Number of protein chains: 4
Amino acid sequence: MEVGFLGLGIMGKAMATNLLRHGYRVTVWNRTIAKCQELVALGATVGETPAAVVAKCRYTIAMLSDPSAALSVVFDKDGVLEQIGDGKGYIDMSTVDAATSSKISEAVKQKGGAFIEAPVSGSKKPAEDGQLVILAAGDKTLYDEMVPAFDVLGKNSFFLGEIGNGAKMKLVVNMIMGSMMNSLSEGLCLADKSGLSPQTLLDVLDLGAIANPMFKLKGPAMLQGSYSPAFPLKHQQKDMRLALALGDENAVSMPVSAAANEAFKKARSLGLGDLDFSAVYEVVKGAGGSGQA
Amino acid sequence: MEVGFLGLGIMGKAMATNLLRHGYRVTVWNRTIAKCQELVALGATVGETPAAVVAKCRYTIAMLSDPSAALSVVFDKDGVLEQIGDGKGYIDMSTVDAATSSKISEAVKQKGGAFIEAPVSGSKKPAEDGQLVILAAGDKTLYDEMVPAFDVLGKNSFFLGEIGNGAKMKLVVNMIMGSMMNSLSEGLCLADKSGLSPQTLLDVLDLGAIANPMFKLKGPAMLQGSYSPAFPLKHQQKDMRLALALGDENAVSMPVSAAANEAFKKARSLGLGDLDFSAVYEVVKGAGGSGQA
Amino acid sequence: MEVGFLGLGIMGKAMATNLLRHGYRVTVWNRTIAKCQELVALGATVGETPAAVVAKCRYTIAMLSDPSAALSVVFDKDGVLEQIGDGKGYIDMSTVDAATSSKISEAVKQKGGAFIEAPVSGSKKPAEDGQLVILAAGDKTLYDEMVPAFDVLGKNSFFLGEIGNGAKMKLVVNMIMGSMMNSLSEGLCLADKSGLSPQTLLDVLDLGAIANPMFKLKGPAMLQGSYSPAFPLKHQQKDMRLALALGDENAVSMPVSAAANEAFKKARSLGLGDLDFSAVYEVVKGAGGSGQA
Amino acid sequence: MEVGFLGLGIMGKAMATNLLRHGYRVTVWNRTIAKCQELVALGATVGETPAAVVAKCRYTIAMLSDPSAALSVVFDKDGVLEQIGDGKGYIDMSTVDAATSSKISEAVKQKGGAFIEAPVSGSKKPAEDGQLVILAAGDKTLYDEMVPAFDVLGKNSFFLGEIGNGAKMKLVVNMIMGSMMNSLSEGLCLADKSGLSPQTLLDVLDLGAIANPMFKLKGPAMLQGSYSPAFPLKHQQKDMRLALALGDENAVSMPVSAAANEAFKKARSLGLGDLDFSAVYEVVKGAGGSGQA
């Protein structure tokens, strides 16, 4: 199977590499074309422009850094739109907002092409290990055709219906994650002030029904006041704001998430927005932002 | 090693059985003495009364159904107090409140005996498999002497300091659990009302950083409105109330837990108190208690 | 003093009448021109179009039903813009969003005219009695010139600075009002369930430090489940949403308002959005929307 | 009419004075007997002991500083109990908890006497002006007999049913008051951070539907960071805790009050407990307790 791949950043490089290793013929393109060499060494062909890649391949995957890059690769000169059309599929795996995704979808479909958005859950390591979780939405036929490739890239993929649902699913997951981070923070603080060891609480939690990788990974760092930003607090708060707005639109009352959101806002007001979202622990402790990145 | 064992209910029988299987000589007592026969078949000796068991054994473990049974076995005629004294240890693994635990501790110590409370996390299956989590507090020397037995009964034991800390640790864990159950409920409801499949949300959650046994176990049942009470909602709410009171005592502000507590109270007001605590999902959905046990 | 007046709805008619009674010469315009007759009987002159009114008068006040009417009167053919210019002032007293207000402000200023937004607090009765509260923002010189007219229309006027601040002030006031309505609802419900008479609670409240006209007016109706919509719940919730968004923008954590907002959302989800905002009492009571308009 | 009066502190002296001025014959007693002289000058008689007062008067009112004084005056040697009996009434207007009130009620009734609790809302000034609000509960017949005296002491009195209801009513009122103080604080903070003048917000509030004496009195002081303790924050938080506990008992979900309570707890944790309860504004502002008493 021949696929195009646009964007060879940390994520894209790992994903394209996995496709090559599983026998796919891959034509790659990257804005800084030199980055393609590593993949050529593994058997990839280089396309001069996004349009050239789409012209050559039936399916083209994109993994770009942000909405503006995602739009540029499609709409600019020598972009995807110039060659997309009947019988060709475009798969954008970048994390973008619903509006960006809809705009690309409309344009691709108007040219006769098929489109899915397929943002992923997971970062560098899962990308290298082919262990991403893929949240796809849009053209169901195209999704079905991509399943073999998704099986190479991820441990699981989901088809979520209409365009925008991939982004929505990420919001819901992140909302739950944000509330849980607050719950953990409150528990650690209560333990500490009640004469129990917060570290022992983490140990007990890790043996029980609510044990989860996030508590295990973040908990010990929180106790040390170390908040190196894997996921910046201001982005977590933005996702909670958007999830609450989605709830507002659909008249879903979510008092626990709303309370958690206010704690993240308090953290922002204390200047903790660029730290990891676990820095909300500082708010619960009542400190004035003494954590370190 | 010779140990006494008082109380052969579901939990106690499983625990005493494990001790016998690992080579302990065990002298058992139960209020309904016939229940001892099964353990005699496995090699146990029977004690006529709690006092008789304590007289014979250096260490006596109790696993009783509630605070009143725990007090009765110690303070009644032919009870533990009549024989406890220098060189003997009493280990109460029942789940009781701090006041009950303190009362027993005081009485045992006054007679010259050693005491630890050691409530467990985990129910029938973990008890049978020796996979309990043991939250011990009180006499550190006695705890150290009991570690080999605890290693048979549980996958892990913790020494938490002074009497009462075992109960406190359970409250903190249950408070986090209660908030998480609300977060999950809000997320499921938001997914549903936003056009996403709640079942797919469960699938996505189970692959990510916040995957945990509770979401995996309870989630699918919640979607079916099935709330068979593994842990009754009214008990969960009581534990949140007590955890919040502990926070009040120590001036710990916990807005997320407080919001979760109010949702559990709303569930109680709708008559859902005897269902599983996951029935708080009905409150988030805005239903009037249509769930079934 | 000569003023123009655009819009003779319930509010506008009462306001223009007051100006006439206090000796102002008023040129009126209304989309349905027949509505002008009542004011002509009181001494008003009629202008054929908004442009004609502005051409004739140094100051023109508008009191229109919504943002779209406010925009139309300015930008449409024969609209305000055609005649506004140097030495003329335009005062929009309609309740509109910040974007609408800014758009009108920009256009008027570009033509050389002066502009203030001046939304009011108060409805029909205060309008008739000249007891409105006027929240003005924009051109300070124009505001100062309008103070005598504002003194006729309202019991007080405030100059709040730059365009948009009038709308913001209303949001803040309504946010506090919405939280207070929730507090009252919770108190009434607690009284009722605790064996106290909710009506007596209202009586006690009315004698103390937190006595206020809203409790006095709405309380008794709430106890009867009567929610005739003076201010529809869905608008109250929209204002709380916007106030919370303003807080988000400025990193102000407001957990009490956030909790109140979630209660209003719950009310919306139960179909109470078109009732008075006091119908949030039904949510606190746990009823399923049994109130009546 | 002849009444006894026990306790001549700030409140009691003002109340007994009012009774004398309105033609009541009053027999007074105070622990420090010298304090009686001022009232003797106004026509009062002195009783040597509480028992002596009760022996002489059909009705005896008490206004004591706290629960321990209230109990002591009844149960100690030469106390109320020694002379109370058939045909005599005892009216305790002190602010005490429900347990204290019940204990006194039981004892008085067992002797054949009648009892009402009648805590008041209002402090020194209203006491002097006969403008207290009286929250009575217990024996209805005795209440009816006391109404003429209550009309002298207060602007209004309420009969609330069974013993304990007076205290409960105060809790409900204070709960609403505490939530309103949070709402105001959030509004002031939002105004400030959004470029509006908090003082202008106070002015606007004072002209509208939610204008109330508390906002008018406390608001300006809050803006100056001045929190002279008229009602200490730790007492306000205690009352919210008790009100929430009352709600828990009766399964009343009160998320707004719960959120407000957590803010007061945060204030306590920052060392603001001895300031006025309006110091919760410091928490909303995110300051670390910079206010002054």
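These numbers come from a predicted model, not from an experiment.

What counts, and where the lines are drawn
- Residues numbered from 1 in each chain as written.
- Chains lettered and ligands numbered in written order.
- Predicted model: local features only at pLDDT ≥ 70, side-chain atom pairs only at ≥ 80, totals over all residues.
- Heavy atoms only, no water.
- UniProt positions renumbered as here; feature names shortened; annotations may be inferred.
- Helix = DSSP H or I, 4+ residues; strand = E, 2+ residues; numbered from the N terminus.
- Axes fitted to C-alpha atoms, helices over the stretch in contact; angles between N-to-C directions.
- Parallel < 35°, antiparallel > 145°, perpendicular 65-115°, else oblique.
- Contact = heavy atoms within 4.5 Å.
- Nonpolar A, V, L, I, M, F, W, Y, C, P; charged D, E, K, R; others polar.
- Core = buried A, V, L, I, M, F, W, Y, C linked by side-chain atoms within 4.5 Å.
- Buried < 20%, exposed > 50% of the residue type's maximum accessible area, 1.4 Å probe, protein only.
- Domains from an automatic or database assignment.
- Expected span 1.5 Å × (residues − 1).
- Polar contact = N/O pair within 3.5 Å; in protein donor to acceptor, adjacent residues only side chain to side chain.
- Buried area = accessible area lost by both parts, 1.4 Å probe.
- Salt bridge = Lys/Arg side-chain N within 4 Å of Asp/Glu carboxyl O.
- Pairing = 2+ DSSP bridges.
- Right-handed = clockwise from strand over helix to strand, strands pointing away.
- Least-squares fit on C-alpha atoms with pLDDT ≥ 70 in both.
- Patch = residues over 30% accessible without salt bridge, like charges linked within 9 Å, V, L, I, M, F, W, Y side chains within 5 Å.
- Areas by Shrake-Rupley, 256 points an atom, 1.4 Å probe, with all protein chains shown as cover.

### Things to note about the UniProt feature "domain: 3-hydroxyisobutyrate dehydrogenase-like NAD-binding" (unreviewed entry) in chain A
Here is step 1 of the chain: Under the UniProt annotation, "domain: 3-hydroxyisobutyrate dehydrogenase-like NAD-binding" (unreviewed entry) lies at residues 164-283 of chain A.
Here is step 2 of the chain: Secondary structure across residues 164-283 of chain A divides into 70% helix and 0% strand, with the first and last C-alpha atoms of the span separated by 33 Å.

### Looking at the packing of helix H9 (residues 198-205) of chain C against helix H10 (residues 213-223) of chain C
Residues and elements named next belong to chain C.
Here is step 1 of the chain: The contact between H9 and H10 brings their axes to 10 Å, and the two run at 175°. Taken together, H9 and H10 sit at an angle that is classed as roughly antiparallel. For the pair H9 and H10, contact is made by Pro 198, Gln 199, Leu 202 and Leu 205 and by Phe 215, Gly 219, Pro 220 and Leu 223, respectively.
Here is step 2 of the chain: Class assignment of the residues belonging to the contact of H9 with H10 gives a composition of six nonpolar, two polar and no charged.

### Section: the nonpolar core
Here is step 1 of the chain: Core analysis: the biggest nonpolar cluster contains 204 residues, and Leu 201 of chain A, Leu 201 of chain B, Leu 201 of chain C together with Leu 201 of chain D have the highest contact counts within it.
Here is step 2 of the chain: Sequence-distant contacts of Leu 201 of chain D, that is, excluding residues within four places in its chain, are made with Met 169, Val 172, Val 173 and Ile 176 of chain C together with Gly 187, Leu 188 and Ala 191 of chain D.

### A short note on unusual backbone geometry
Trans peptide bonds make up the majority, and among non-glycine residues the majority have a negative phi.
Here is step 1 of the chain: We note that Asp 78 of chain B has phi near 60°; this positive angle belongs to a residue other than glycine.
Here is step 2 of the chain: By secondary structure assignment, the location of Asp 78 of chain B is in the loop between helix H4 (67-75) and strand S5 (89-92).
Here is step 3 of the chain: Under the relative-accessibility criterion, Asp 78 of chain B is labelled partly exposed at 28%.
Here is step 4 of the chain: Phi at Ala 251 of chain C takes a positive value of approximately 55°, unusual for a residue other than glycine.
Here is step 5 of the chain: With respect to the helices and strands, Ala 251 of chain C occurs in the loop between helix H11 (233-249) and helix H12 (255-269).

### Comments concerning the domain arrangement of chain A
Here is step 1 of the chain: Partitioning chain A into structural domains gives domain 1 (2-162) and domain 2 (167-285).
Here is step 2 of the chain: The distance between the C-alpha centroids of domain 1 of chain A and domain 2 of chain A comes to 32 Å.

### Concerning helix H5 (residues 98-110) of chain D
All names here are of chain D.
Here is step 1 of the chain: With 13 residues, H5 should cover 18 Å at 1.5 Å per step; its first-to-last C-alpha distance of 18 Å lies within 8% of that length.
Here is step 2 of the chain: Buried within H5 are the following residues: Thr 100, Ser 101, Ile 104, Ser 105, Ala 107 and Val 108.
Here is step 3 of the chain: Contact partners of the buried residues in H5: helix H4 (67-75), strand S5 (89-92) and strand S6 (114-117).
Here is step 4 of the chain: Among the residues of H5, the N-terminal cap falls to Asp 97, whose side-chain oxygen and the backbone nitrogen of Ala 99 are separated by 3.3 Å.
Here is step 5 of the chain: The positive-phi residue at the C-terminal boundary of H5 is Gly 112, with phi of around 95°.

### Structural notes on the interface of chain C and chain A
Here is step 1 of the chain: Contact residues are listed per partner, giving 19 residues for chain C and 19 residues for chain A.
Here is step 2 of the chain: Taken together, both faces of the contact between chain C and chain A bury some 1300 Å²; the carbon and sulfur share is 49%.
Here is step 3 of the chain: Area buried by chain C at its contact with chain A is led by Asp 248, Glu 262 and Lys 265 of chain C, which between them contribute 43% of it.
Here is step 4 of the chain: Applying the counting criterion to the chain C and chain A interface returns four salt bridges.

### Comments concerning the pairing of strand S8 (residues 132-138) of chain A
As a general feature of sheets, a regular strand has side chains that alternate between the two faces.
All names here are of chain A.
Here is step 1 of the chain: Most of S8 is tucked away: six of the seven residues are buried.
Here is step 2 of the chain: Bridge count between strand S6 (residues 114-117) and S8: two bridges; the pairing is antiparallel. Its bridge partner lying in S8, Ile 116 is registered against Gly 138.
Here is step 3 of the chain: Relative to S8, strand S7 (residues 120-121) is paired through two bridges, and the arrangement is antiparallel. When the bridges of S8 are listed, Ser 121 appears paired with Val 133.
Here is step 4 of the chain: Pairing of S8 with strand S9 (residues 154-159), which is carried by five bridges, proceeds in the parallel orientation. In the strand pairing of S9, Ile 134 is matched with Ser 157.
Here is step 5 of the chain: Once the chain exits S8 it traverses helix H7 (residues 140-153) before rejoining the sheet at S9, and the crossover so formed is right-handed.

### Here's the deal with the UniProt feature "active site" (unreviewed entry) in chain A
All names here are of chain A.
Here is step 1 of the chain: Those places that UniProt annotates as "active site" (unreviewed entry) correspond, in this numbering, to Lys 170.
Here is step 2 of the chain: Residue classification places Lys 170 among the partly exposed residues on the basis of a relative accessible area of 22%.
Here is step 3 of the chain: If sequence neighbours within four positions are ignored, Lys 170 has contacts with Thr 95, Pro 119, Val 120 and Leu 135.

### Remarks on the relation of the copies chain C and chain A
Here is step 1 of the chain: Superposition record for chain C on chain A: RMSD 0.2 Å, screw rotation 179°, translation along axis 0.2 Å. Such a combination of rotation and displacement between the chain copies is what one expects of a two-fold axis. For chain C, the residue whose C-alpha comes nearest the rotation axis is Ala 258 of chain C, separated from it by 3.1 Å.
Here is step 2 of the chain: A symmetric contact is evident, with 100% of the interface residues of chain C recurring at the interface of chain A.

### With respect to the pairing of strand S2 (residues 25-29) of chain B
Residue and element names in this part refer to chain B.
Here is step 1 of the chain: With four of its five residues buried, S2 lies for the most part within the structure.
Here is step 2 of the chain: Looking at chain direction, strand S1 (residues 2-6) and S2 are connected through five bridges and run parallel. Each residue of the ladder has a partner; that of Phe 5, found in S2, is Val 28.
Here is step 3 of the chain: Crossover S1 to S2 through helix H1 (residues 10-21) is right-handed.
Here is step 4 of the chain: Sheet analysis places S2 next to strand S3 (residues 45-46), joined by two bridges and oriented parallel. Considered in S3, the bridge of Thr 27 is made with Thr 45.

### Structural notes on the pattern of salt bridges
Here is step 1 of the chain: The final tally for this structure, using the stated rule, is 48 salt bridges over all chains.
Here is step 2 of the chain: Residue Asp 206 of chain B pairs with Lys 216 of chain B through a salt bridge whose shortest N-O separation is 2.7 Å. Here Asp 206 of chain B is found in the loop between helix H9 (198-205) and helix H10 (213-223), whereas its partner Lys 216 of chain B is found in helix H10, with 10 residues between them in sequence.
Here is step 3 of the chain: We note a salt bridge from Lys 234 of chain D to Asp 274 of chain D, for which the minimum N-O separation is 2.5 Å. Within this pair, whereas Lys 234 of chain D is found in helix H11 (residues 233-249), its partner Asp 274 of chain D is found in the loop between helix H12 (255-269) and helix H13 (280-285), the two being separated by 40 residues in sequence.
Here is step 4 of the chain: Using a relative accessible area of 38% as the deciding quantity, one classes Lys 234 of chain D as partly exposed.

### Things to note about the interface of chain B and chain A
Here is step 1 of the chain: The interface of chain B with chain A comprises 56 residues on the first partner and 56 residues on the second.
Here is step 2 of the chain: A buried area of about 4700 Å², summed over both sides, lies between chain B and chain A, and 77% of it is on carbon and sulfur atoms.
Here is step 3 of the chain: Of all the elements in the fold, those that place two or more residues in the side of chain B that touches chain A are strand S8 (132-138), strand S9 (154-159), helix H8 (165-193), H9, H10, helix H11 (233-249) and helix H12 (255-269) of chain B.
Here is step 4 of the chain: In terms of residues, the side of chain B that touches chain A owes the most to one element, H8 of chain B, which gives 19 residues.
Here is step 5 of the chain: Class assignment for the residues of the side of chain B that touches chain A results in 35 nonpolar, 16 polar and five charged.

### Concerning the relation of the copies chain B and chain A
Here is step 1 of the chain: In the superposition of chain B on chain A (RMSD 0.0 Å, axial shift 0.0 Å), the rotation amounts to 180°.
Here is step 2 of the chain: Interface overlap between copies: 100% of the residues of chain B at the interface are likewise at the interface in chain A, consistent with a symmetric, same-surface contact.

### Some remarks on a nonpolar patch on the surface
All names here are of chain B.
Here is step 1 of the chain: Together, Ile 33, Val 40 and Val 46 make up a nonpolar patch on the protein surface, roughly 190 Å² of accessible area in all.
Here is step 2 of the chain: Relative to the assigned elements, Val 46 resides in strand S3.
Here is step 3 of the chain: Of the residues examined, Val 46 reaches a relative accessible area of 30% and is grouped as partly exposed.

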